[in-house]
Structures are given as C-alpha cells and as structure tokens.
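# Examination of the molecular architecture
The lines below spell out each chain.
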There are 2 protein chains.
Amino acid sequence: MSNQGTNLDPWYDSYADRTAGLSASEVRALFAVASRPEVVSLAGGMPYVSALPPELVSGSIERVLSKNAAMALQYGSGQGTPAIREHIMQIMAMEGIRGSADDVVVTTGSQQALDLVTRLFINPGDVVLAESPSYVGALGVFRAYQADVQHVVMDDEGLVPEALRESIANLTAQGKRIKFLYTIPNFHNPAGVTLSWARRLEILEICRSAGILVLEDNPYGLIYFDKPAPQAMRSVDDEGVIYLGSFSKTLAPGFRVGWALAPHAIREKLILANESATLAPNSFGQFVITEYLDQADWRGQIDVFRGLYAERRDAMLSALGEHLPSLSWTKPNGGFFVWLSLPEELDSKAMLPRAVKELVAYTPGTAFFADGGGAHHIRLSFCYPQPEMIKVGVGRLANVINGELDLLRTFSGARLGKVAASRPSITTPPPNID
Amino acid sequence: MSNQGTNLDPWYDSYADRTAGLSASEVRALFAVASRPEVVSLAGGMPYVSALPPELVSGSIERVLSKNAAMALQYGSGQGTPAIREHIMQIMAMEGIRGSADDVVVTTGSQQALDLVTRLFINPGDVVLAESPSYVGALGVFRAYQADVQHVVMDDEGLVPEALRESIANLTAQGKRIKFLYTIPNFHNPAGVTLSWARRLEILEICRSAGILVLEDNPYGLIYFDKPAPQAMRSVDDEGVIYLGSFSKTLAPGFRVGWALAPHAIREKLILANESATLAPNSFGQFVITEYLDQADWRGQIDVFRGLYAERRDAMLSALGEHLPSLSWTKPNGGFFVWLSLPEELDSKAMLPRAVKELVAYTPGTAFFADGGGAHHIRLSFCYPQPEMIKVGVGRLANVINGELDLLRTFSGARLGKVAASRPSITTPPPNID
C-alpha cells in the first residue's frame, strides 16, 4: 500500500469508477442545520408521523407478536410476503391499477426500488430522462450508476410532451441510448405540479413508440387535497411502466417498506436483484404493516394526513402571497412541496447561509438538477412544521430575499423586481405550452 | 418496441450488462422444497428464532413506542442511529475490536454491507479473492458487479496462506487487478472451519504488502461452542480491514440490521452508498434492537443460542459418524454448517432430486463456487431442525448416498468407497499444509 493512495485514504486508488459519482447531496448537509430547534426548516421531506396514533401501530405489533412472532423475526422471501403484496394491490386499485400480486416486489423503501431498477437497466453512459427539476434521491442513484441524466422541461401541467419528443429525437440523433423516463406524475417532488391525464396518455405513447421504459414514482398519490390525481400511468400500460409505491407517506417511513409493480418479464430480475442486495426486505415491518392494513382504519388515517398537509399547504400559499407577492410559485394539490421561482439575480444556494442565519432553511433548486440548473429556484416543504411556523418561516425567507435584492440594488443600481412572476415554465427554457 | 426484445420480454435488449450476472441461486430454489413439512431440511441457513422469547422483543417494542415512537417511525440517518452504533462497538469489543462508533455504518443486514462494499470497489473484471468454498450470497453479489472471483483453497485451519500468496502472484503476473479478499474467518459458511490466529496475522500481512483490502465477514463469531474463536482480524488492523457484523444470528434476522466497521476513509463513502441505496436503514428495527440491548439479558440469550446450536451440531456429527463412517466432514466449533465430502463419483447436485424424494434436503457444494467446483461436496445445516430430526435427516441422506453408490457399482463395477476420507484439503487441490 505504501505506493498507493494518499495520506488521507490509503485506498484512494482502489475504488470503482462509479464511486466518483457518490457525493453528499445538498439535502443531506441540510439535515444537520434543520435539526436545530430554533430554525424553521422548510427543507426536509419528513412526513409528520406524530399524526399517526402510536396505539394503531402498537396494536398491530402486539397481534404480530402473539400470532406470527417466529415468522416476523425470520428471514423472508426476496419478493416480500404474499399477504402484504395482496394489500398493495388493493392500495394501487385506488389509482386505477389492476394486476397480479405476483408482479409486486417489496423493497427497502421505494428508494431501493429506484436503485434496483437502475441497476438492472443502466450501463455507464446510458441516458435517463428526468423531469426538470427531479427528485434529488433519484438523481443520486442515477449518478451512482453513471447514467447520463437529461432533463425535460415541465410546466404547471407537468412534463411537457413536445419537449420530451424533441429530447428523444435529439438524443437518438446523437447516438445515445435512452433506457427509461423517470417521472413523478403526482404532486411532484420538488415541483409540486401534477401531470394531466391527457399528457399521461401522450407521454406513454411517445415512450412506447421510442422503446423507452417509464419509471412512474408515486409516493404522494394518495396525499391529495382538493381532488384525487388522475389515474396512474400504470393503469393503462402493463408492459411499459414500472410503478413505484411506498408506505412512507401514508403510514410511516421508519419501517422502510416500499414496492415496485413491474412488467412480468422484469419482475423476476427485480427479485433476484433484491435478494442480491439485501436477501429480503425486513419481515417485521411487512408483518406489522399487513396487520395494520387488516385491522386499522388506514383509509381514515390517510384522510387525517391529507387534512393536516392541506392545512399546511394553505398556510404556505397564503404566507407566500402575503410576504412575496412579486414572485411566482406552484400551487400543489397534494404532496409535500412548493417550488418557488426567485428573481434571476438571486442564487438560492449562495443565499442559504444567510437564510440559516435568519433561522429559516430551504433546499436550493440546484439539488434537483443533474446539470447545474436550478440556481434561481427553491424547494419549500410544508409537510413537517406546524402551520404557524410555516408562516414564520416564509416571513423570514421573505426578509432574506428582500435583503439580498436590496443589497444587489445598492451595488448594481439595476432594475429588479417581478422578473420571475410571468414565466411560463417552472424551470428554464420556455416550452410551447403555457 | 416492436423491433426489440422477444415475445417473452419486450425489454430483453434494454438490460444493463451486469444483469446477465443475476441468476437464481441454488439455495433459493431449495427454499420451496425445504418448506414442505415432511422434508427434513438440512439446506437453509435460518436461525432458530423460536428460541428467542417473544416477550424479550415485545418488552423492547413497548418501551420504544412509549418513549420514542415519532423517531422510530421516522426516516433516520444513512449511517444508523448513534445509540445502536455505540452498542455495536461493545459487541465487537468481545472479539477484541477497539475503535470509534463513528466508523460504524448500519446496513439492511450484513448482506447489504457486502453489496455496498462491492459497489464501492469493483469495476467489471476486477478480482475478488474468496475462500474455496465461499458464501453463496456473497458470490451472488460479486457476480452482480461483474467481479472475477478467484477461489483460494482452505483446509481445517481455514484459508491457506501459501495458496493465497501464490494466487496473488499468479493473478498479478496476469495483469489482473485484485481489489479485496473476502473471508469468513469464524465457523465458515459453508465449510464450518475457523481460521487460526497465526494464519490471521499471516494473511493480513500478505494482503497489506499486496495492497489488497480484507473484507472480514463475521456473522457467526459469537455463536461458538467449545471455546471462543480467535480475535477478529480487524482487532489488529484498522486500515486494511472492513469488518461486517449482523444481528441476524445473535438476535433475529427479521429486522434486517447488520453493520460494517470500515477504515475511516472508506466509511464516508459507505454512508453515501447506503443513502443512495435505501436512504437509511429501518429506524424501527434499530430502535427496538437498541432497547433490547439496553434492557434484556442479550448475553444470556446468546448463551441460549450457543447451547441450542451446539446440541444440534453434536447430533449431526454423531449421526454422520453412525451413518456415513467412510466419508469425511468438518467439525465446526460454532456457527451453523458442516461441509461433507462425498466420494468423487457422486455429483451432489444431480443427487438432490433423489434426496428430496427421500425427504431430506441439503445444499449442493456447487452453490459455493464461482467456477463450477464443489460437485463432490454438500453443505449440511444443523441450525434449524430439532436434534432428533437432524438424525433422521442424516439417516435419509446416508440411504441416498449409499443407494447412488450401489447404482454406480452395479453399472460400472468400479471399486468405490473411502475415496474422500483421507484428503488433506476440504476442497480440491491439496495444499502443503495438512
């Protein structure tokens, strides 16, 4: 070893090429900041599990231990238990999905399903299409498998089909191999928008004719506020869509139980990849969730969550209207997030230390781009803080933004103001559709 | 898609190259067989969790839910909770390991730690050195990352240092890049042998001077029978060893909680890989195990497991002596497995259907080789069946083996018999050391 590596890491020369793609996400660095109690964190995506009565869970656990302790404590199958997979089919039926529990693969959170699907399909350099912006945790997975992530613009109705078509044509002309489209159609993280039904059909058709798999990530679908989201893309395409679901938002993330519903041909490979990665998802969590779904009023509990998050969404939107009337932001009908557009003179990442000093945290838009975009955007989460704290937080954020603008005005003399208010796209290049 | 794929799988042409390495393990196919109640399964590696009093676990869970429900149900850190990492340091201290809880990374079973370490270090074609035979689940991971697995012979004292030295020299001369040595020093799976202390030091020195990392996998270390195993390799080498541990055998596998203790420089990358793979290990399992380790007599419970498995080991060894006196097998001082050598005329994989017909199951030796070896060997597990059923199972196995030998004698007329009894190595090429 003496002739290898560095003083800091003797194994420096031994890492695989893919390891260069691992880097701490901006979200991760914020965890430490956000945990200080005096900071109002609009940064994280943690569900408000305190709204889940512990007795609902403890009752389920007692029954598991009295009926099934030996199985719940044992290794399970790499596909997940048959009982939880049947329940998962019922849950997905609420979004129009029909199919067989035999095609469900239970994973260690839907994050692991993302990891396994990427592992199955991506050679270094293969293209993944993703919305612009996209989920930071998915971008991390794609980077870790050395994918070439290409963003496709969205507007208030979600991913723009015409932009998708152009992107596929351009990339194909460059000789690139596009493996899948990663999309979060409902209550997008971080954009907060929902893909319209007409576009779902159009996008499925575009991908089908181009031979591109669709990876439909739907952690928030049942957390809708005013009206349900359109049916899942998987509800009308069994062969071209891998659907990802999770109990993290409808129950609790601490069990790390999510799932993939895959085309039958792919599902067998997913099971093998799952076994290779962890042998099996944790039995105990699966048994507890199964018992909970059997016995507790889980639909009522989802309604509790929906009401709670709707109230917080309202608090955030009204605070934004009050404190930052010259800016623009998305109006989510579900989920956890609002996407705020800043005047283009501001850099959300550079501004963050000042925000933390003012005791408010957010996630800079750059976290949600593989290509360095997003500097003029902010993701605001309304899932975790109480409504009154959301208002306090947005007020502090407005002070930070206005302070930065004042500073810029003082030094540049430039005319600044409602720059971002009328932009048609929620990100950068204006699409054809408003 | 019409011009791609096959009728069976429209995505056939879309998979990554590494996906070709995914195949159902022989152990997996056996799960279905082994679960039929009339079959005595000496095949699986499931711990006997029924020996864990459910009240020990339920008491821990009650305390978690009354004290820490919101945290136990929430996302956690990608490194694992500080509390469980401190406990893990105390557990490892029983095997001579000193270090910092800051260098522990909690994973979804130690299987996931294997996956993550391989992900960090292996480019396609890189060499992993592994014992001959080696753990089937590790071989699956290495194959999934397109490693070139090279086996190194063992004898009754474990991996043979001289053979390791030769293998490194040969591979290096061929221009191959050796990334790590994967070893199970204690109560080897499947071989049942334990690496002597002198060899541990010698192997560490060989690897150190060759710049090869050591991956020390130790799920069975605390499940010793007659006397404790030698101290961990990690106890004398902080920089060159990644140590893997697990609660699956000392408590229960159903929580899927294992860990890696890594050199400080590597540990940060492991955390990032863990976050990318699953965001975080399951909080609920970590909180329950922490409470269990705080409150329950976990050392006493390990003694219970040790006594139980020792009795089963005794039952198996005495049944082998009674029913198959002409064969040879290893005499494990801990863990779950005995490695049985068959007469070379027999093929353990080909013989399996006959065994299942006779209502006994085992794992063919071929499962534990990346290179097609192991046909004349069998792994027998004594962990799960009751002692009297172990005796019944070995009796049935003897009938199968003797029946196959009779058949061969009838058709070939060859002299067969104590062929395997005096071989110095537990696998194929005879090493210098007996």
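Quantities reported herein were computed from a predicted structural model and do not represent experimental measurements.

What follows concerns the overall build of chain A. Of the regular secondary structure elements, chain A holds twelve helices and 14 strands. Its C-alpha atoms give chain A a radius of gyration of 22 Å, within 12% of the compact-globule value 22 Å for 434 residues. If you line up chain A on its principal axes, its C-alpha atoms span 70 × 60 × 55 Å. Put simply, chain A has 434 residues, and 56% of those count as buried. Taking as baseline every contact in chain A between residues at least 6 positions apart, the subset at least 24 positions apart corresponds to 78%.

Moving on, we come to the interface of chain A and chain B. Counting from both sides, the interface comprises 68 residues of chain A and, opposite them, 67 residues of chain B. In terms of residue count, helix α8 (residues 264–278) of chain A provides more of the side of chain A that touches chain B than any other element does, nine residues in total. Classifying every residue of the side of chain A that touches chain B by side-chain character gives 36 nonpolar, 21 polar and eleven charged.

For the pair chain A and chain B, the relating rotation is 180 degrees, the translation along its axis is 0.0 Å, and the fit reaches an RMSD of 0.0 Å. The two molecules are tied by a two-fold rotation axis, judged by turn and shift. Both copies share a contact surface, since 97% of the interface residues of chain A are interface residues in chain B too.

Residues and elements named next belong to chain B. Taken in spatial order, the four strands line up as β10-β11-β14-β13 in an open sheet, and their pairing is antiparallel. What marks the edges here is a single partner per strand, and that holds for β10 (328–329) and β13 (363–364). Here β13 pairs with strand β14 (residues 377–381) via two bridges, running antiparallel. Paired with Thr363 across the strands is Arg379, a residue of β14.

Parts of the model with low pLDDT should not have their predicted coordinates read in detail. Residues and elements named next belong to chain A. Of all residues in chain A, 91% attain a pLDDT of 70 or more, and the chain-wide mean is 92. Counted against residues more than four places away or in other chains, residues 416–424, with its pLDDT under 50, gives 23 contacts. Across residues 428–434, confidence stays below pLDDT 50; counting only partners more than four residues off in sequence or on other chains, it has 15 contacts. Both scores are available for the predicted complex, with the pTM at 0.93 and the ipTM at 0.92.

All names here are of chain B. Tracing the chain through its elements places Gln386 in the loop between β14 and α12 (387–412). Among the residues examined, Gln386 registers 14 C-beta atoms within 10 Å and is labelled partly exposed. C-alpha separation for the pair Gln386 and Ser235, spaced 151 residues apart in sequence, amounts to 35 Å.

Moving on: the packing of helix α11 (residues 348–357) of chain B against α12 of chain B. Packed helix pairs are characterised by how far apart their axes lie and by the angle those axes make with each other. All names here are of chain B. At their nearest, the axes of α11 and α12 sit 10 Å apart, and the two run at 125 degrees to each other. Classified by the angle between their axes, α11 and α12 sit oblique to one another. The two elements α11 and α12 cross, and the hand of that crossing is right-handed. Residues Met351, Arg354 and Ala355 of α11 form the contact with α12, whose own contacting residues are Leu397, Val400 and Glu404. Tallied by class, residues from the contact of α11 with α12 come to four nonpolar, no polar and two charged.

Where a strand is regular, its side chains alternate between the two sheet faces. Residues and elements named next belong to chain B. Counted residue by residue, strand β6 (residues 178–183) has six buried out of six residues, so it is predominantly covered. Direction of pairing for strand β3 (residues 127–132) relative to β6: parallel, over a ladder of four bridges. Bridging across to β6, Ala130 finds its partner in Tyr182. Of the pairings in the sheet, the one linking β6 to strand β7 (residues 213–217) comprises four bridges and is parallel in character. Note on β7: the bridge partner recorded for Thr183 is Glu216.

Most of helix α5 (residues 136–144) of chain A sits inside the fold, with nine of its nine residues counted as buried. Inspection of α5 of chain A places Val136, Gly137, Ala138, Leu139, Gly140, Val141, Phe142, Arg143 and Ala144 of chain A among the buried residues, and these make up the whole buried set.

To continue, consider the sheet that holds strand β13 (residues 363–364) of chain A. Reading across the sheet, the four strands line up as β10-β11-β14-β13 (chain A) and stay open at both edges, with antiparallel pairing between neighbours. Only two strands of the sheet have a single neighbouring strand rather than two, namely β10 (328–329) and β13 of chain A.

Turning to α11 of chain B, a few remarks are in order. All names here are of chain B. Along α11, the positions that sit buried rather than exposed are Ser348, Met351, Leu352 and Ala355. Down the axis of α11, the buried side of the element spans an arc of 130 degrees, and every buried residue falls inside it. Opposite the buried face of α11, at more than 90 degrees from it, the exposed residues are Ala350, Pro353 and Lys357. Tucked inside the fold, the buried residues of α11 contact β12 (360–361), β13, β14 and α12. Of the residues flanking the end of α11, it is Leu359, one or two places downstream, whose phi is positive at about 70 degrees.

Residues and elements named next belong to chain A. In strand β9 (residues 258–261), alternate side chains face the same way, and those of Gly258 and Ala260 on one face and Trp259 and Leu261 on the other are all buried. By the bridge criterion, four bridges tie strand β2 (residues 104–107) to β9 in an arrangement that is antiparallel. The residue bridging Val106 from the neighbouring strand is Trp259, located in β9. As paired strands, strand β8 (residues 241–246) and β9 are joined by four bridges and run antiparallel to one another. Bridge pairing in β9 links Gly245 to Trp259.

Once that is clear, we can look at the packing of helix α3 (residues 82–93) of chain A against helix α9 (residues 283–295) of chain A. Residue and element names in this part refer to chain A. Axis separation between α3 and α9 bottoms out at 9 Å; the angle between their running directions is 50 degrees. It follows from the interaxial angle that α3 and α9 lie oblique. Where α3 crosses over α9, the two elements pack in a sense that is left-handed. Listed contacts from α9 to Ala83, Ile84 and His87 of α3 are Gln286, Ile289, Thr290 and Leu293. Classifying every residue of the contact of α3 with α9 by side-chain character gives four nonpolar, three polar and no charged.

Moving on, we come to the environment of Phe287 of chain A. Residue and element names in this part refer to chain A. Take Phe287: it is sitting in helix α9. Considered as a pair, Phe287 and Ser60 are 227 residues apart in the sequence and their alpha carbons are 8.7 Å apart. Contacts of Phe287, omitting those with residues within four sequence positions, involve Val64, Asn68, Met71 and Ala72.

Here we take up unusual backbone geometry. Most peptide bonds adopt trans geometry, and most residues besides glycine take a negative phi value. Residue Pro190 of chain A is bonded to the preceding Asn189 of chain A through a cis peptide linkage, with omega at 10 degrees. Along the chain, the position of Pro190 of chain A falls in the loop between β6 (178–183) and α7 (197–210). Phi is positive for Phe187 of chain B, which is not a glycine, with a value near 50 degrees. The residue Phe187 of chain B is located in the loop between β6 and α7 (197–210) in this model. For Leu359 of chain B, which is not glycine, the phi torsion reads 70 degrees and is therefore positive. Mapped onto the elements, Leu359 of chain B comes out in the loop between α11 and β12. With 15 C-beta atoms packed within 10 Å, Leu359 of chain B lands in the partly exposed category.

Scoring rules and cut-offs
Residues numbered from 1 in each chain as written. Chains lettered and ligands numbered in written order. Predicted model: local features only at pLDDT ≥ 70, side-chain atom pairs only at ≥ 80, totals over all residues. Helix = DSSP H or I, 4+ residues; strand = E, 2+ residues; numbered from the N terminus. Rg over C-alpha atoms; globule rule 2.2 N^0.38 Å. Buried ≥ 20, exposed ≤ 12 C-beta atoms within 10 Å, placed from the backbone. Contact = placed C-beta atoms within 7 Å. Nonpolar A, V, L, I, M, F, W, Y, C, P; charged D, E, K, R; others polar. Least-squares fit on C-alpha atoms with pLDDT ≥ 70 in both. Pairing = 2+ DSSP bridges. pLDDT = per-residue confidence, 0-100. Axes fitted to C-alpha atoms, helices over the stretch in contact; angles between N-to-C directions. Parallel < 35°, antiparallel > 145°, perpendicular 65-115°, else oblique. Left-handed = near helix turned anticlockwise from the far one by under 90°. Arc of directions from axis to C-beta.

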